[in-house]
Amino acid sequence: MTATRNQAYAHLSRWILLVLLGLYTIYNLGPILWLMISSLKSRADLFAMPPKLVFEPDFSGYQSVFGVGAARDSASSVGVFDSLMTSVFVSTVGTTVAVFLGTLAGYVCSRFEFRGKGDFMFFVLSTRMLPPVAVLVFYHMMFARLGLADTWLGLVLIAVFVNVGLATWIMKGFFDGVPKEVEQIAIVNGYSRIYAFLRLVLPMVKGGIAATAGFCFIFAWNEFAFASILTTTRAKTLPVKISTASGATGIEWTQICAAGVVLIIPVLVFFYLIRRHLLMGMTFGVLGRR
Amino acid sequence: MSAMLDIRGLKKAYRRKAALRGIDLAVEEHEILALLGPTGAGKSSTLLAAAGLVEPDAGTIRLAGRDVTGAEASSRDVSIVFEGFNLLPVLNVRDNIAFALRSPKYREAEAEIARRVGRTAELLRIAHLLDRDTGTLSGGERQRVSIARALVRRPLLYLLDEPLSALDLKLREGLRAELRQIHREHGTTMLYATHDYHGAIAIADRIAIIDEGRILQTGTIEAIYARPAEAFVGRLVGSPSMAFFEAELRDGGLLVKGFGAPLALSRFGRLAAANGPVTLGVWPEDIVVGEEGEPGRVYAVDNRGYEVAIQIETPAGSFRKVLEGRRPVGQGDTIRVRIGEGAGFLFDATSGARVSHQGERA
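From a predicted model like this one, the values you see are computed outputs, not experimental measurements. (Residues numbered from 1 in each chain as written. Chains lettered and ligands numbered in written order. Predicted model: local features only at pLDDT ≥ 70, side-chain atom pairs only at ≥ 80, totals over all residues. Heavy atoms only, no water.)

Draft legend 1. Structural context of the UniProt feature "transmembrane region" (unreviewed entry) in chain A. All names here are of chain A. Mapped onto the present numbering, the UniProt feature "transmembrane region" (unreviewed entry) falls at residues 12–37, 84–108, 120–140, 152–175, 196–221 and 253–274. Within the segment residues 84–108, helix and strand shares are 100% and 0% respectively, and the terminal C-alpha atoms sit 36 Å apart. What you have in residues 152–175 is 100% helix and 0% strand, and the ends, taken at the C-alpha atoms, are 32 Å apart. (UniProt positions renumbered as here; feature names shortened; annotations may be inferred. Helix = DSSP H or I, 4+ residues; strand = E, 2+ residues; numbered from the N terminus.)

And the structure:
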């Protein structure tokens with residue numbers, strides 16, 4: 001008797017779970033699906049009531065984003081292509097510099113004792129805790145005075161700034177995982193520490209470097225707060241552009257939606273590539289030794 | 001003759017915690033010296049300092065007569081084998097063994113490298129593994145490769161830091177015998193750190209006993225048996241180790257707690273202790289178990305088939321002893337113990353220093 005009752009319970013709770021999961025999925029993926037559909041609709045279809053589920057796909061939004069076809073030079077184009085290029089450049093260069101610096105700093109913090117190391121590590125991490133809004137005004141003034149406002153160089157500096165602390169912590173975690181015997185073996189056998197670092201230790205953490213780069217790229221790519229204040233016309237990143245895009249004929253929803261889809265894709269790709277390291281990178285860095 | 005490795009007054013502290021408190025140690029040329037001590041005694045720190053991988057706070061290190069205290073590790077011409085991590089994962093077995101021979105300091109011609117790697121691999125019976133990835137090796141194979149990398153070069157000194165501890169008993173005994181054999185053939189000089197008494201006596205010419213950052217005693221195992229410098233030496237040496245009894249020096253005799261008659265002091269030779277509590281240490285081999293003597297209780301019995309190891313409790317302390325043959329002993333039995341003629345050492349009850357000096361000139 002109780003057995004069948006338990007079975008019924010199990011059945012019911014399973015169904016409830018499935019329904020909840022289904023709702024959660026719709027909640028999460030619904031807007032993205034809506035975005036993707038909208039990015040293929042012409043202006044007329046977009047505002048059709050009731051919403052059209054079957055329509056002629058309009059690729060003008062994507063043409064505009066990637067700067068191809070007639071849509072690029074049309075009066076309605078809001079110049080999303082330039083922003084895409086800005087974002088790609090800023091994120092790539094910013095990530096490269098941040099990972100380079102973070103790798104070196106992470107190695108030093110993993111292997112050497114120096115006065116104030118704990119304070120230094122905390123300071124480095126605190127740059128990630130800082131709410132950007134709190135200091136935006138002052139950054140704006142600094143950048144304006146230095147001539148960095150509205151330039152790619154300024155954006156790269158911001159991309160490095162938001163990432164270098166994280167990169168240091170994550171890379172320290174990966175270096176902590178490399179036994180110190182690696183360098184000791186090299187040195188006792190007649191090699192230099194530099195050789196040990198470049199030829200033995202770095203190859204052991206190349207997966208970690210890739211994961212760190214993935215993290216940094218995503219953060220740089222998504223960075224909005226600083227970019228929205230520090231860039232006004234010439235150097236707008238894609239997230240900023242999307243939030244402000246309007247053309248000669250008003251807000252270009254099709255282009256905005258296409259840009260939104262394009263904005264999501266690299267994040268998906270990088271998250272897929274670093275999925276194995278996601279948890280490790282997070283916990284290694286923050287909960288790692290010392 | 002000056003020693004190959006001569007360490008004097010070596011001190012090292014990590015984060016204000018002293019690891020080495022004045023190590024004095026000499027390894028003669030062509031000898032294997034075992035550095036025997038418990039975990040945390042300072043064995044690894046001593047080896048790392050000798051290799052130049054740890055900078056000492058005080059003291060001097062001389063290698064083949066040269067003062068290397070401040071010298072770069074890469075210039076010292078030593079080899080080291082660690083307990084756990086030894087193989088560089090970015091290189092295969094062959095390149096791991098050849099590693100040192102391609103370094104700027106110890107570079108050899110490729111033909112010579114191939115010859116030496118082949119011969120060393122042959123010696124350690126790993127020739128069939130040369131093209132393998134290090135990740136595919138078993139624990140025993142890994143340590144063989146590590147030892148091969150150390151042996152492929154002819155350094156002044158080999159530093160072996162518990163190289164066999166992670167292996168199971170059979171592998172350990174086999175590799176130990178091989179190390180001993182290689183030593184005999186090539187006359188290598190080795191400093192071999194271990195916490196394993198059996199390992200130490202099996203491989204070493206002499207043993208240095210280390211505890212809490214100090215060398216307590218250095219000598220052949222016979223010399224250590226004849227005159228253990230401290231109670232702790234007795235705890236570390238022997239299988240089973242030394243038996244200790246609470247006792248008191250009084251009126252020209254030694255009263256062992258719970259024993260009927262006092263022991264005459266003449267057996268302990270010259271004494272450097274006043275009346276009061278002392279510790280009596282006796283090698284289990286010098287304790288006769290049987291029908292006569294003081295009563296004790298059998299606390300545990302470990303039947304090994306051809307012999308029986310028992311733990312005996314007496315009012316003055318408990319100890320372990322191996323009884324040869326198949327003696328019918330049961331747990332809880334009352335048994336009589338007698339301390340053999342002339343046997344036993346007296347140690348200071350608090351410091352552990354030996355205070356009896358039998359057979360020694362004043």
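Draft legend 2. How the structure looks around the interface of chain B and chain A. Across the boundary between the two partners, chain B contributes 24 residues, which contact 18 residues of chain A. Carbon and sulfur atoms make up 74% of the surface buried where chain B meets chain A, a total of about 1700 Å² over both sides. Three residues, Phe85, Val90 and Phe99 of chain B, lead the burial of chain B against chain A; their summed loss comes to 31% of the area buried on that side. At the boundary of chain B and chain A, one finds one salt bridge. Here Glu113 of chain A makes a salt bridge to Arg15 of chain B, at a shortest N to O gap of 3.3 Å. Where chain B meets chain A, there are four residue pairs in polar contact (both at pLDDT 80 or more). Among the elements of the structure, helix H1 (43–51) and strand S6 (78–81) of chain B are those that each provide at least two residues to the side of chain B that touches chain A. Counting residues per element, the side of chain B that touches chain A draws most heavily on S6 of chain B, at three residues. For the side of chain B that touches chain A, the per-class residue count stands at 15 nonpolar, four polar and five charged. (Contact = heavy atoms within 4.5 Å. Buried area = accessible area lost by both parts, 1.4 Å probe. Salt bridge = Lys/Arg side-chain N within 4 Å of Asp/Glu carboxyl O. Polar contact = N/O pair within 3.5 Å; in protein donor to acceptor, adjacent residues only side chain to side chain. Nonpolar A, V, L, I, M, F, W, Y, C, P; charged D, E, K, R; others polar.)

Draft legend 3. Molecular detail of the sheet that holds strand S12 (residues 253–256) of chain B. In space, the five strands of this open sheet follow the order S13-S12-S11-S15-S21 (chain B), with antiparallel pairing throughout. Strands with a single pairing partner mark the edges of an open sheet, and in this sheet they are strand S13 (263–264) and strand S21 (345–348) of chain B. (Pairing = 2+ DSSP bridges.)

Draft legend 4. Spatial organisation of the confidence of the model for chain B. Per-residue pLDDT for chain B has a mean of 89; in total, 98% of the residues score no lower than 70. Predicted confidence in chain B is weakest over strand S14 (residues 270–271) of chain B, with a mean pLDDT of 81, and strongest over strand S9 (residues 206–211) of chain B, with 96. (pLDDT = per-residue confidence, 0-100.)

Draft legend 5. Highlighting the sheet that holds strand S20 (residues 334–339) of chain B. Residue and element names in this part refer to chain B. An order of S16-S20-S17-S18-S19 is seen for the five strands of this open sheet, with the pairing classed as antiparallel. Either end of the sheet is taken by a strand with one partner, and the two such strands are strand S16 (287–290) and strand S19 (317–324). The average angle at which neighbouring strand axes cross in this sheet is 40 degrees, direction not considered. Summarising the sheet, strand S17 (residues 294–303) and S20 pair through four bridges and their orientation is antiparallel. In the sheet register, Arg297 faces S20, and the bridge partner there is Thr334. (Axes fitted to C-alpha atoms, helices over the stretch in contact; angles between N-to-C directions.)

Draft legend 6. Geometry of the UniProt feature "domain: ABC transporter" (unreviewed entry) in chain B. Those residues carrying the UniProt feature "domain: ABC transporter" (unreviewed entry) are residues 5–237 of chain B in this numbering. The annotated region residues 5–237 of chain B carries 34% helix and 26% strand content, and the separation between its end C-alpha atoms amounts to 24 Å.

Draft legend 7. View of the domain arrangement of chain A. Residues and elements named next belong to chain A. Assigned domains within chain A: domain 1 (2–61) and domain 2 (80–287). Opposite the twelve residues of domain 1 that make contact, domain 2 presents eleven residues. Carbon and sulfur atoms supply 72% of the area buried between domain 1 and domain 2, which totals about 850 Å² over both sides. By the criterion of area lost to domain 2, the three top residues of domain 1 are Leu35, Arg43 and Gly61, representing 51% of everything that side buries. For the pair domain 1 and domain 2, the interface holds zero salt bridges. Inspection of the region where domain 1 meets domain 2 yields one residue pair in polar contact (both at pLDDT 80 or more). Elements that contribute at least two residues to the side of domain 1 that touches domain 2 include exactly helix H1 (2–38), helix H2 (43–46) and helix H3 (60–66). Among the elements that take part in the side of domain 1 that touches domain 2, H1 stands out by supplying four residues, more than any other. Here the side of domain 1 that touches domain 2 is built from residues that sort into five nonpolar, five polar and two charged. (Domains from an automatic or database assignment.)

Draft legend 8. Summary view of the environment of Cys216 of chain A. Residue and element names in this part refer to chain A. Residue placement: Cys216 occurs in helix H10 (residues 206–222). It is 33 Å that separates the C-alpha atoms of Cys216 and Ile187, two residues lying 29 residues apart in sequence. Non-local contacts of Cys216, meaning those with residues more than four positions away in its chain, are made with Thr95, Val99, Asn163 and Ala167.

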